[in-house]
Every structure is written in structure tokens, then in C-alpha cells.
Amino acid sequence: MRPTKTDNLGTILSRKGVSRRDFLKFCAAMTAVLALPARYTDRVAAAVAEAKKPVLVWLEFQDCAGNTESLLRASSPSVAEIVLDILSLDYHETVMAAAGHQAEEALQMATAEPGTYLTVVEGSIPTKDGGIYCTVGGRTALDIAREVCGNALATITCGTCSAFGGIPAAAPNPTGAVGVQDAVPGITVINLPGCPMNVVNLTATVVHYLTFGELPATDQFNRPLFAYGSRIHDDCERRAHFDAGQFVEEWGDEGHRAGWCLYKMGCKGPATFHNCALVGWNDQTSWPIGAGHGCVGCSEPNFWDTMTPIYGRLPRVPGFGIEATADKIGLGIAAAVGGAFAVHGVASAIRAKAQPLPKTQAHVEED
Amino acid sequence: MTTTTAHEKFREEVTGRVYVWEIPVRLTHWVNVACIVILSFTGYYIGNPYIRVSPREIYGGYFMGLMRFIHFVTAYVFVASIAVRTYWAFIGGNRWASWRALVPFLTPEGRGKLKHALQYYLFLRRDPPTVLGHNALAGFTYAWIVFLYFVQIITGFALYAQSHPGGFWWTLTGWIFLFISNQYLRLIHHLVMWLLIAFALHHVYSAFLVDAEEANGLMSSIFSGWKFIVPEKEEEVEK
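Quick notes on the rules
- Residues numbered from 1 in each chain as written.
- Chains lettered and ligands numbered in written order.
- Predicted model: local features only at pLDDT ≥ 70, side-chain atom pairs only at ≥ 80, totals over all residues.
- Heavy atoms only, no water.
- Helix = DSSP H or I, 4+ residues; strand = E, 2+ residues; numbered from the N terminus.
- Buried < 20%, exposed > 50% of the residue type's maximum accessible area, 1.4 Å probe, protein only.
- Contact = heavy atoms within 4.5 Å.
- Areas by Shrake-Rupley, 256 points an atom, 1.4 Å probe, with all protein chains shown as cover.
- Salt bridge = Lys/Arg side-chain N within 4 Å of Asp/Glu carboxyl O.
- Core = buried A, V, L, I, M, F, W, Y, C linked by side-chain atoms within 4.5 Å.
- Pairing = 2+ DSSP bridges.
- Axes fitted to C-alpha atoms, helices over the stretch in contact; angles between N-to-C directions.
- Left-handed = near helix turned anticlockwise from the far one by under 90°.
- Nonpolar A, V, L, I, M, F, W, Y, C, P; charged D, E, K, R; others polar.
- Polar contact = N/O pair within 3.5 Å; in protein donor to acceptor, adjacent residues only side chain to side chain.
- Phe/Tyr/Trp six-rings, centres within 6.5 Å; stacked < 30°, edge-to-face > 60°.
- Lys, Arg positive; Asp, Glu negative; His and termini not counted.
- Parallel < 35°, antiparallel > 145°, perpendicular 65-115°, else oblique.
- 1 Å grid on protein atoms, 1.4 Å probe; cavity = no way out; pocket = protein on both sides within 12 Å on 5 of 7 lines; lining within 4 Å.
- Points joined across faces, edges and corners; volume = space filled by probe spheres on them.

Student: Any chance you could explain the overall build of chain A here in plain terms?
Tutor: On a plain count of helices and strands, chain A comes out with 17 helices and 9 strands. By residue count, 53% of the 367 residues in chain A fall in the buried class. Relative to all contacts within chain A whose residues are 6 or more apart in sequence, the contacts with residues 24 or more apart total 71%. On chain A, roughly 16,300 Å² of surface is accessible, and the fraction owed to carbon and sulfur atoms is 57%.

Below, the structure is given as C-alpha cells:
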């Protein structure tokens, strides 16, 4: 049965066969993700069950649909998936049935009343050459974003591309790609970067909005603190090996097999704020570091430019050739200075012999 | 300005000794030396943990943690030392400790001394600059070193703050990451370490050179505080 505008989420979920027990488990998990005390579970459950379907519009621009994949991934249909599926019913380019003019009409209907809907954006927005590098239905991404995001109650960006420009914005950024907050300044944005974003965080952001009627507190990059409030490194299950000085030296060595710290293999956990270590991926099956590969820092601004080399500790020094590392240059500078002054010393010694100073010098200058 | 006691005045007149480096100057100098050595060693290890710890070594069970602890504590000591020295440069110290010694290029006289010192170092002039405090070129170099100290302190505490978002240092330094990523901040922190190591090599060499050529007891002055001037009278006596 197709849900109507008047059905609340509790009704829709029970109709879809979600038991009360599963629903409460979902609410408890969301309460935990939001870092709320356990007693809030009842409040979250009441709010989510009572929620009238807020209209959600999902826009895709310069992207790989990886965040949609992240949204749709599930070993079995979860409560979260159903909640989000119901919420995002009005317009989603990848999964909606409508096409062509019907799709455009759906978008227009969903966004007819300014300030009544939430927008989710996936993918970066090109700005070069009038934004022609991404058009949908003959309109540029920039044009659509200005109208749809500009009139939205709030915009949630899914993935690093829509948050910060992501991979399309990596140097030399041929399309002039930017994130939503730079393309449409002044609007309310919640950034959920990641490559892809973790669907748990999207669900939790929506649940936070349903429960409290406001968006979660954010950091200086507009990322919600519940998901991006601490570094992967500080929550990592391998942290004890870091503190002990036990590091993987090469892939497949004894340390790697024993699950030691991937710091020396270029892991960017110490540079990356995300809750991967806490909530995991794919129904909490695993996560990158848990699977034995270092973090690549995908949820940080400009990660493709600043977090590379992926398997190196520090970025390469700009302007010194791609293989020059800070240590080689630093050692070179130190050696050059040492060498220069050794030569100066020999020359000074020769000068002292060849051209001795007079026994006493001119008087000390008054200073 | 410190007042000269009658005893000091007597010693200056009789021996040609002048009390140049006061206790805070010498103390912060040596504290800085110790801090830079410790911070460089532990910092290099943190960036590239080259010491392998055997998993069977029970006392090594917290090796990186220990290195970082030493690094952070030493960083606080270094900041305290820089704070004392900055106070002494602006308020407490004598004229040789003053900040003016670091910016000789502000006056025409200072620019002349800069040229003299540069010509001496480049073998274009035989007589070394004879001054009681820093020579002009040394002072100018220290201005850059002070700048590098502040770069190290700011980048260091910004990175330190990352483990405690919302904390004191985060409040002070969190805005930096709007302009530069933490990986590049790490790179800067790392490169400046090498610049300071290069400076240290130059500094020790120049101290030996000037000690020998100026014959003013420069090397011992950083321990005792006293430097020597060669009075004109002596010149007459020798003739």
C-alpha cells in the first residue's frame, strides 16, 4: 500500500512488517550514534514513530552514486533503510521510477513550498564556464542547487564531493568543482563527508532533526560533532599498538598479520575526524583499518590533495619533485649548512695564517 | 635596564669585563638548547618511529606514548622559556637583550653594521664586527629563528589540540584548519625542525669563529654572562 501524506512513520513501519522490538533496537542504536544518554531512547522512539513524513529531495551532481550505494547497501532490509526510503520518496534521481518530464514535475512539486523540505545533495557542483560540466534536464547543477537548496529548510550533503568538492575538485580541478556550501553561500548546510558517507550518520542526522526539531551541533566544517567530533586515531582499535610503538613495516609482515598499527604504512587516522572506528561499515561488519588497510582520510576537506601519498606519512614537499620527502630535504639543508660552514672554517683558518689580525683591534663600537 | 653595582663598575674599569648576558638570557638559552634537542629527537621519532619495539619487551609497552609525553611536556617548557625571553626582550632586560638587537635594519647605523658583518663572513673584509651584544647579522638571523619558534609552537599546539576537540588549545588553534590541512601543518612542523637543526650547526660554528677572531670571550660569555672589551688604553700601552 502506498503511504499517504497523513500516515506517520510508526504506521508505515508496522505496515512494512517492522516489529516493535526491531524498531526500538533501531532507536537505541540511533541514540548511541548521537552520543545521547540511553534514557533518550524513549524520546527518540516517540518522535520517530510520530513523525509525519518530511519531504526529502535527493539531488545528484558530479558524483559516482557511491553515497546512494552506501544508502542502499544492506544484507537485509533494515529499519534505517525503510525510514530513509520513506523520507526520500519524493525525488531521487537514481532510484525513483519517474523519468523525464515526470521526474522534473516531481521535483517541482516537492519543492513548491520554500522552507518545508530537506535537501540531500550528492556530488560536487562545477562552476567553471558557467557550470556547463554538469546539467540535469538542461539546467546546470549550480542553477538547480541555488533554487532547491536555497529554498530548503536545510541541506544535508552526502559524501565529500558535495561537502568539499571531493575528487572532482582535486588539483587541477578542471571543472571548478566546489561543495554546496561554497556554491550556494549562506544556506543552512550539514556536511556528512566521507567517500562514501556512512548511512548511519545520515539516518542519525534525520533522527536528530525528527526528535529535537533542529539540526545537530557541528564543527568548523559544518560536520555534526556526534559523527566527526573525534579522530579515527583516538577511537581506533589498534591504538594500543601505536602507543606501544608496534608498527606494520610492510604489507604482510608479522606485525600486519598480528593487527599492529598502520601508522608507518601511511594511515591517515591521526588526521581524520570520523566515527568509522565506532559505528563500523556494512552493518558493523568491518571497516578499513579493521580490514588491515590504513585510513585514507576521505572525510577531510581536499583529502585527495592533502592526504596523498596514501601510503606515506607526510605529504610531498611542493616544488621539489614528486619523490622528495621532507626528511630528505631537511637532511639536505642541514648537510649543506654543515658543509658550507666547514668550508668557511677552513678558509677562515687559512686567512688567519695568511693575514693575521693586529694584536689589538679598533675600539669597540658604541652600541 | 639593570643597575650596575659599584663592584661591577670597578670590575669593568679594571679588567675590561662587561656584564652583557643577564641570568634570564643565559638560562633561556640553555633551556632552549635542551628543549630543541629533546623535541627534535622525540619529534622525529613520532613522525617516523624508527625504533622497533619487540612485543616481548614488557618495559617497552608504552614506547610511543612515552615519546609523545616527553615531547608535549618539553613543548610546554619551551613555551615557558620563550615567554620569559620575550618578556626580557621587551620589559625586563638590558640593551643587549632588547628586541631591537633583532631588527638592526630599522636604523641606517644598523644597516651599515649588517653590511660590515656580511662582508666579514663573505671574506670581503678582514676585520670582524666588534660589538658587545649580537653582531647585526646574528641579530637579524635570530629574528628569523624567533619566527620559526613561533611557527613551531603554533603548529605544534594546533596538532596537539586535535586529540581534544573543544578543549583549550582547540579553541585557540581550531581556526587554522579552515586555511590549511593538518597534513600540511605536520609537514611544516617537520621541515622547520630541520631548519632549526641547520641553524644550530651554523650557530655553533659562528660562535667558535667569532670567539677566535673577535677575542672578546664570546664562548664563555653564554656561561658567565661577561664579555671583554679591548680598551684603547691597552693599545697605547703596547706601543
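Student: It is not clear to me how the pattern of salt bridges should be interpreted in this structure. Could you clarify?
Tutor: Oppositely charged side chains can form a pair if their charged atoms are brought close together. All names here are of chain A. Considering all chains together, one arrives at 14 salt bridges over all chains under this definition. For D219, the salt bridge goes to R223, with nearest N and O atoms at 2.9 Å. On the basis of relative accessibility, which here comes to 11%, the residue D219 falls in the buried class. For R223, a relative accessible area of 1% puts it in the buried group. For D234, the salt bridge is made with R231, and the minimal N-O distance between the two is 3.0 Å. For R231, a relative accessible area of 3% translates into the label buried. The network of salt bridges with shared partners includes R231, D234, R239 and D243.

Student: Would you mind going over the nonpolar core with me for this structure?
Tutor: Across soluble globular proteins, you tend to see nonpolar side chains buried next to one another. Residue and element names in this part refer to chain A. Grouped together as the largest cluster of nonpolar side chains are 39 residues, with contacts concentrated most on F23, V48, W58, I156, L192, L202 and V207. Of all the elements, helix α10 (residues 199–212) adds the most residues to this core, at 7 residues. Residues in contact with V207, not counting those within four places in the same chain, are F26, M30, L34, V44 and V48. Counting 25 residues, the second-largest nonpolar core is a separate cluster that includes A141, L142, I144 and A152.

Student: Help me understand the sheet that holds strand β1 (residues 55–60) of chain A in this model?
Tutor: Backbone hydrogen bonds are what pair the strands of a sheet, in a parallel or an antiparallel way. Residues and elements named next belong to chain A. A sheet is described by the order of its strands in space; here 5 strands give the open sequence β2-β1-β3-β7-β9, paired in parallel fashion. A strand with exactly one partner marks an edge of an open sheet, and here the two such strands are β2 (91–92) and β9 (189–192). Strand direction decides the pairing type here: strand β7 (residues 154–158) and β9, joined by 4 bridges, are parallel. In the sheet register, T155 faces β9, and the bridge partner there is V189.

Student: I tried to follow the packing of helix α2 (residues 20–33) of chain A against helix α3 (residues 41–50) of chain A on my own but got confused; where do I start?
Tutor: For any two helices packed against each other, the geometry comes down to the angle between their axes and how far apart the axes lie. Residues and elements named next belong to chain A. At their nearest, the axes of α2 and α3 sit 9 Å apart, and the two run at 120° to each other. When you trace α2 past α3, the crossing you get is right-handed. Contacts from F23, L24, C27, A28 and T31 in α2 reach T41, V44, A45, V48 and A49 in α3. Across the contact of α2 with α3, the residue classes tally to 8 nonpolar, 2 polar and no charged.

Student: Looking at this model, I keep getting lost on the environment of G47 of chain B. Mind explaining?
Tutor: With respect to the element layout, G47 of chain B can be found in helix α2 (residues 23–47). Each C-alpha atom, one on G47 of chain B and one on R186 of chain B, is 8.8 Å from the other, the two residues being 139 residues apart in sequence. Ignoring any residue separated from it by four or fewer positions in sequence, one finds G47 of chain B in contact with Y263 and R313 of chain A.

Student: I keep staring at the interface of chain A and chain B and nothing clicks. Help me out?
Tutor: In many reports, interface size means the accessible area that the parts give up when they come together. Contacts between the two partners involve 56 residues from chain A, matched on the other side by 67 residues from chain B. Where chain A touches chain B, the interface holds 2 salt bridges. Taking the shortest distance from any N to any O, the salt bridge between E249 of chain A and R52 of chain B comes out at 3.4 Å. Viewed at the interface, chain B and chain A are joined by 17 residue pairs in polar contact (both at pLDDT 80 or more). Secondary structure elements with two or more residues in the side of chain A that touches chain B: α13 (239–244), α16 (303–306) and α17 (326–354) of chain A. A total of 15 residues in the side of chain A that touches chain B trace back to one element, the largest contributor, which is α17 of chain A. Counted by class, the side of chain A that touches chain B contains 24 nonpolar, 15 polar and 17 charged residues.

Student: When you look at the packing of aromatic side chains in this model, what are you seeing that I'm missing?
Tutor: Here a ring pair, both rings aromatic, is described through the centre-centre distance and the interplanar angle of the planes. Per the counting criterion, the structure on display carries 31 aromatic pairs over all chains. Seen in terms of ring centroids, F273 of chain A and W170 of chain B are 5.8 Å apart; in terms of plane orientation they differ by 55°. Their pairing is tilted. One end of the pair, F273 of chain A, is in the loop between α14 (254–257) and α15 (276–279); the other, W170 of chain B, is in helix α6 (residues 168–173), on a second chain. The pair formed by F273 of chain A and W170 of chain B is uniform in burial state, with each residue classed as buried.

Student: Explanation requested: the side chain of R68 of chain B in the structure shown.
Tutor: Relative to the helices and strands, R68 of chain B resides in helix α3 (residues 63–92). Despite being buried, R68 of chain B has no salt bridge partner; D243 of chain A is the closest side chain of opposite charge, sitting 4.4 Å away. The residues contacting R68 of chain B, other than those within four sequence positions of it, are R239, F242 and D243 of chain A together with I46 of chain B.

Student: Explain the packing of α2 of chain B against helix α7 (residues 182–214) of chain B here, please?
Tutor: All names here are of chain B. Closest axis-to-axis distance for the α2/α7 pair is 11 Å, and the angle between their directions is 135°. With respect to each other, α2 and α7 are oriented oblique. Crossing handedness for the pair α2 and α7: left-handed. Contact residues: H29, S40 and Y44 in α2; H190, M193, W194, I197 and H203 in α7.

Student: Honestly, the layout of surface pockets in this entry has me stumped. Any pointers?
Tutor: Think of a ball as big as a water molecule: rolled over the atoms, this probe shows where empty space is left. If you add up the space inside the second largest pocket, you get close to 1,200 Å³. As for the second largest pocket, its lining consists of 50 residues, and the residues nearest its centre are G43, I46, G47, H189 and H190 of chain B. Counting only elements with at least two residues in the lining of the second largest pocket, the list comes to α13 and α17 of chain A together with α2, α3, α5 (136–161) and α7 of chain B. Taken together, the residues of the lining of the second largest pocket sort by class into 27 nonpolar, 14 polar and 9 charged.

Student: Even after reading the chapter, I still don't get the pairing of β7 of chain A, so can you show me in this structure?
Tutor: On a regular strand, each side chain points to the face opposite its neighbour's, so the side chains alternate between the two faces of the sheet. All names here are of chain A. Burial runs high along β7: 5 of the 5 residues are buried. Alternating positions in β7 separate into two faces, A154, I156 and C158 on one and T155 and T157 on the other, with burial throughout. As judged from the 5 bridges shared by strand β3 (residues 117–122) and β7, these two strands associate in the parallel manner. Note that in β7 the partner of T119 across the bridge is T155.

Student: Is there a simple way to think about unusual backbone geometry in this case?
Tutor: Excluding glycine, residues mostly have negative phi values, and the peptide bonds linking residues are mostly trans. At the junction of C195 of chain A and P196 of chain A, the peptide bond is cis and its omega measures out at 5° in the coordinates. Within the element layout of this structure, P196 of chain A appears in the loop between β9 and α10. The residue after T308 of chain A, namely P309 of chain A, is reached through a cis peptide bond having omega 0°. With respect to the secondary-structure elements, P309 of chain A resides in the loop between α16 and α17. Unusually for a residue other than glycine, F123 of chain B sits at a positive phi of about 65°. If you trace the backbone, F123 of chain B turns up in the loop between α4 (108–121) and α5. Look at F123 of chain B and you get partly exposed, because its relative accessible area is 35%.

The quantities given are spatial measurements derived from coordinates; they are silent on function.
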